[in-house]
Amino acid sequence: SGKTTAASPSSTPAATASFDPKNYSYVRLFLFPLYVSSVKSDWPEKGRLRKLVDIDEAIKIMDLENRLYFKKGLEMVKERGLHLLKP
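In this text, all values refer to a predicted model and were calculated from it rather than measured experimentally. (Residues numbered from 1 in each chain as written. Predicted model: local features only at pLDDT ≥ 70, side-chain atom pairs only at ≥ 80, totals over all residues. Heavy atoms only, no water.)

Asks: Give a description of the overall build of the protein that names residues and reports values.
Replies: Across its full length, the protein carries two helices and zero strands. Taken across its 87 residues, the protein has 10% of its residues classed as buried. Of all intrachain contacts in the protein linking residues separated by at least 6 positions in sequence, the fraction that spans at least 24 positions is 32%. Here the protein has roughly 8,000 Å² of accessible surface; of this, 56% comes from carbon and sulfur atoms. (Helix = DSSP H or I, 4+ residues; strand = E, 2+ residues; numbered from the N terminus. Buried < 20%, exposed > 50% of the residue type's maximum accessible area, 1.4 Å probe, protein only. Contact = heavy atoms within 4.5 Å. Areas by Shrake-Rupley, 256 points an atom, 1.4 Å probe, with all protein chains shown as cover.)

Here it is in structure tokens:
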């Protein structure tokens, strides 16, 4: 079909999980900081969960959910001070 899919690391129990690159497909991921200036009670994607947290909490959440690429991206944002910019 030409589609590439990746297995979710969270689908394997943490106690028995070990990273094996042969079990994954790779994709290029682009992350960018989103600067929030206001939070509305009504928004287009209202059916989706949203949670506003500071950069340290976001990094902790990604670590707990074993989403290491997102964690690394957030750490890079923090290292560069991009989380401190004002819109």
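Asks: Describe the packing of aromatic side chains, naming the residues involved and giving the relevant values.
Replies: By convention here, two paired aromatic rings are described through the distance between centres and the angle between planes. In the structure shown here, the tally under the stated rule is zero aromatic pairs. The residue whose ring lies beneath arginine 50 is tryptophan 43, and the NZ or CZ to ring-centre distance is 3.6 Å. (Phe/Tyr/Trp six-rings, centres within 6.5 Å; stacked < 30°, edge-to-face > 60°. Lys NZ or Arg CZ within 6 Å of the ring centre and 35° of its normal.)

Asks: Could you give an account of the confidence of the model for the protein, naming the residues involved and the relevant values?
Replies: Mean pLDDT over the protein: 76, with 76% of residues reaching 70 or higher. Note that residues 1–16 has pLDDT below 50 and, in this model, 10 contacts with residues that lie over four places away or in other chains. (pLDDT = per-residue confidence, 0-100.)

Asks: How would you sum up unusual backbone geometry? Please name residues and give values.
Replies: Not every positive phi belongs to a glycine, and asparagine 66 is a case in point at roughly 55 degrees. Counting through the fold element by element, asparagine 66 comes out in the loop between α1 (55–64) and α2 (68–79).

Asks: Pulling in residues and values, what's your account of the layout of surface pockets?
Replies: Its volume calculated, the largest pocket comes out at about 1,600 Å³. Along the wall of the largest pocket there are 33 residues; nearest its centre are Leu34, Val36, Lys51, Leu52 and Val53. Residue classes in the lining of the largest pocket are distributed as 22 nonpolar, three polar and eight charged. (1 Å grid on protein atoms, 1.4 Å probe; cavity = no way out; pocket = protein on both sides within 12 Å on 5 of 7 lines; lining within 4 Å. Points joined across faces, edges and corners; volume = space filled by probe spheres on them. Nonpolar A, V, L, I, M, F, W, Y, C, P; charged D, E, K, R; others polar.)

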